[in-house]
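Residue-level listing of the chains:
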Amino acid sequence: MAYDDSIYRRRETGSMDPVGAGAREDPRYGGADPGYDDADSRASSGHVMGRFMGGEPAESAAQFEPDEPVRRRTVPPAALENVFDDPAHGEPGRDRLVVHLLWELVLLVVVAALVFLCNRDYPDLIRGARLESLLVFGTAVGLLTLAAALTLRTGAPNLALGPVAVAAALHFAENSDRGVVAAMLPATVAAVLLGLVVSLLVAGFHVPSWAATLAAGLAAVVFIEQRTAPVDVQGEYDPTQHATYLFGGFAAVAVLAGLFGTLKTVRRTVGRFRPVGDPALRRGAAAGVIVTISTVISMVFAVMAGMLLAAGSSGPVAPTTGIEWTGLAMGAALIGGASAFGRRGGIAGGLLAATALTLFIQYADERNLDIAPTAVAAVVVAVGLLVTRLVETYGRPRPVVGRTEEWEDEPAPVSTTSWEAARAQPPEPWTSSLPTQPTDNRADRWGGDRWGGSDR
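Predicted model, so just to flag it, every value in this text is computed and none were measured. (Residues numbered from 1 in each chain as written. Predicted model: local features only at pLDDT ≥ 70, side-chain atom pairs only at ≥ 80, totals over all residues. Heavy atoms only, no water.)

Caption draft 1: Structural detail: the overall build of the chain. Looking only at helices and strands, the chain has 15 helices and two strands in total. In the chain, which comprises 456 residues, the proportion classed as buried is 39%. Per element, the accessible surface of the chain, about 25,700 Å² overall, is 63% carbon and sulfur. (Helix = DSSP H or I, 4+ residues; strand = E, 2+ residues; numbered from the N terminus. Buried < 20%, exposed > 50% of the residue type's maximum accessible area, 1.4 Å probe, protein only. Areas by Shrake-Rupley, 256 points an atom, 1.4 Å probe, with all protein chains shown as cover.)

Pasting the structure below:
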């Protein structure tokens, strides 16, 4: 194989440069040849690589410099503390509870107004034995409200609450002569099993909870429709003797659960089943466990509420479908601040909403207002949906300051060629031939004379 050593014979005699100035001036090494400089070489190489990779010919680095300023994205320090908060989905930051507190203040005013009306028009209603009956009825309404709020906040509303409560009331009325525990134990076990079956459909097969619980409610209606006439309560248990403890226990559970739910981690864990994208996508095993627990607890609360409704009533238990109780429970929970979309809720909103609903029903009954419970439920649900819109609008995490203006302009680098001009220039063709070499006489400094002379 022969090598071209002409570039090594460019050194003049007496020069100390082993390569020679001629090598540095040689066009193949980016010398002074104006037709073949370094920039042209890099551009030609870019064209070759562009064709080799199957794309457009690559332009030089200077030609790709746009005229617009380069924009750099910065992360506000306030957002760093929530960077790992629900990293896959959800909004970073803490939900704003001010909207819940303000709305609960409005509910407190409504409760105070209803107490004033009852005390002015029917003072016996909030005193003595009638007050105890009112507290028992309020506890039953409160348990249904608490069950509805729990399932709403987990993102799996339970529409079977009303039918299950009516079925439990009928069962207690028929079997209360055997004792409270003996009468309610089978109903509680049946409610737990029904809740597990519903949870299997909702969490296991990941179907909408409203559809699964509607099927469970229809199954309870089948049990109710086997009674064609009102059922008298057979037992002698009187819950009014424990009215204060019953209502106090419900109030304590409702407030403590609301306070516990103000923690950011708890809110996001409880509301994990809430859809954030495609609602048919599974939300994970943790979300399924939360939904299962909430569904079973809500069924048990419905059974307890039905028992109190039957034991605290002064007449027989009517075999209704229970849809009105589902509407009242869902409406009270929504008015209390529980979002219809899941996750968000207040502190004492459920307690205040249940109390206001109880006072209104009793006041309307005292005034002989012919208002159907289903009509009341429809109005309450409609108002609750407006509250949900309020909560979702003003309860979401506050936007980080500068989050939308997080692009800072930087000065654009100096470019000698505009983008349009660079795109308009045709790619320089590639040639495999080398520039013409000079033909001047050059001494062979590395030939045989140098190594084979007499001086060596």
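That covers the picture; the talk isn't over yet.
Caption draft 2: Local environment of the environment of A168. Position of A168 among the secondary structure elements: in helix α5 (residues 161–175). A168 sits in the buried class, given a relative accessible area of 4%. Sequence spacing of A168 and A187 is 19 residues, and the spatial spacing of their C-alpha atoms is 6.3 Å. Once residues within four sequence positions are removed from consideration, A168 is found in contact with V303 and G306. (Contact = heavy atoms within 4.5 Å.)

Caption draft 3: Structural detail: a nonpolar patch on the surface. A grouping of V181, L185, V189, L193 and L196 is seen on the molecular surface, where their side chains present a nonpolar patch of about 490 Å² in accessible area. In this fold, L193 is placed in helix α6 (residues 180–204). (Patch = residues over 30% accessible without salt bridge, like charges linked within 9 Å, V, L, I, M, F, W, Y side chains within 5 Å. Salt bridge = Lys/Arg side-chain N within 4 Å of Asp/Glu carboxyl O.)

Caption draft 4: Looking closely at the layout of surface pockets. Considering only enclosed or pocket space, the largest pocket measures out at about 1,000 Å³ in volume. Considering the residues around the largest pocket, the lining is formed by 33 residues, among which F137, L309, W325, I361 and Q362 are closest to the centre. Those elements that place two or more of their residues in the lining of the largest pocket are α4 (128–153), α5, α10 (285–312), α11 (323–335), α12 (349–366) and α13 (373–394). Looking at the lining of the largest pocket, the element that brings in the most residues is α12, giving six residues. For the lining of the largest pocket, the residue count by class is 22 nonpolar, seven polar and four charged. Estimates place the volume of the second largest pocket at around 580 Å³. (1 Å grid on protein atoms, 1.4 Å probe; cavity = no way out; pocket = protein on both sides within 12 Å on 5 of 7 lines; lining within 4 Å. Points joined across faces, edges and corners; volume = space filled by probe spheres on them. Nonpolar A, V, L, I, M, F, W, Y, C, P; charged D, E, K, R; others polar.)

Caption draft 5: Just the packing of aromatic side chains, in detail. This structure, assessed with the given rule, holds three aromatic pairs. Between F137 and W325 the ring centres are 6.3 Å apart and the planes differ by 65 degrees, which places this aromatic pair in the edge-to-face class. Here F137, found in helix α4, pairs with W325, found in helix α11; they are 188 residues apart in sequence, far enough to count as distant. Residues F137 and W325 agree in their burial class; the two are buried. (Phe/Tyr/Trp six-rings, centres within 6.5 Å; stacked < 30°, edge-to-face > 60°.)

Caption draft 6: Representation of helix α8 (residues 243–260) within the structure. For α8, built from 18 residues, the straight-helix expectation of 26 Å at 1.5 Å per residue is met to within 8% by its first-to-last C-alpha distance of 26 Å. All of the buried residues along α8 are A243, F247, F250, A251, A254 and G258. All buried residues of α8 fall inside an arc of 95 degrees around its axis, so they share one side. Exposed side of α8, more than 90 degrees from the buried face: T244, Y245, L256 and F260 are the residues found there. The elements touched by buried residues of α8 are α4 and α12. (Expected span 1.5 Å × (residues − 1). Arc of directions from axis to C-beta.)

Caption draft 7: Examining the packing of α4 against α8 more closely. Between α4 and α8, the shortest axis-to-axis distance is 8 Å and the interhelical angle comes to 30 degrees. With respect to α8, the axis of α4 lies roughly parallel. Crossing angle aside, the handedness with which α4 passes α8 is left-handed. Contacts between α4 and α8 involve E132, L135, V136, G138, T139, G142, L143 and L146 from the former and A243, T244, L246, F247, F250, V253 and A254 from the latter. Tallied by class, residues from the contact of α4 with α8 come to ten nonpolar, four polar and one charged. (Axes fitted to C-alpha atoms, helices over the stretch in contact; angles between N-to-C directions. Parallel < 35°, antiparallel > 145°, perpendicular 65-115°, else oblique. Left-handed = near helix turned anticlockwise from the far one by under 90°.)

Caption draft 8: Local environment of the UniProt feature "transmembrane region" (unreviewed entry) in the chain. The feature "transmembrane region" (unreviewed entry), as given by UniProt, occupies residues 97–119, 131–150, 180–205, 243–263, 284–310, 322–341, 348–365 and 371–391 in the numbering adopted here. Overall, residues 131–150 shows 100% helix and 0% strand. The separation of its end C-alpha atoms is 28 Å. (UniProt positions renumbered as here; feature names shortened; annotations may be inferred.)

Caption draft 9: Structural context of α13. Between the first and last C-alpha of α13 there are 31 Å, a value that for 22 residues agrees with the 32 Å anticipated at 1.5 Å per step. Within the span of α13, buried status applies to V376, A377, V380, G384, V387, T388, V391 and E392. Here the buried residues of α13 occupy an arc of 130 degrees about the axis, which is enough to place them on one side. Looking at α13, the residues exposed on the side facing more than 90 degrees away from the buried face are V379 and L386. Check the buried side of α13 and you find it contacts α3 (98–121), α11 and α12.

Caption draft 10: View of the packing of α5 against α10. Running from N to C, α5 and α10 point in directions that differ by 45 degrees, and their axes come no closer than 7 Å. When the axis of α5 is compared with that of α10, the two are oblique. In this structure, α5 meets α10 at a crossing whose hand is right-handed. Listed contacts from α10 to L161, V164, A165, A168, A169 and F172 of α5 are S298, M299, A302, V303, G306, M307, A310 and A311. The class makeup of the residues in the contact of α5 with α10 is twelve nonpolar, two polar and no charged.

Caption draft 11: Layout of the pattern of salt bridges. As enumerated under the stated definition, the model contains six salt bridges in all. Between E174 and R227 there is a salt bridge, and its shortest N-O distance comes to 2.8 Å. With E174 in helix α5 and R227 in the loop between α7 (209–224) and α8, this residue pair connects regions lying 53 residues apart in the sequence. Look at E174 and you get partly exposed, because its relative accessible area is 28%. A relative accessible area of 17% means that R227 is categorised as buried. For R344, the salt bridge identified is with E392, shortest N-O distance 2.8 Å. Here R344, found in the loop between α11 and α12, pairs with E392, found in helix α13; they are 48 residues apart in sequence, far enough to count as distant. Across the pair, E392 and R344 agree in class, each one buried. Within the structure, one salt-bridge network assembled from shared partners comprises R120, D121 and R367.

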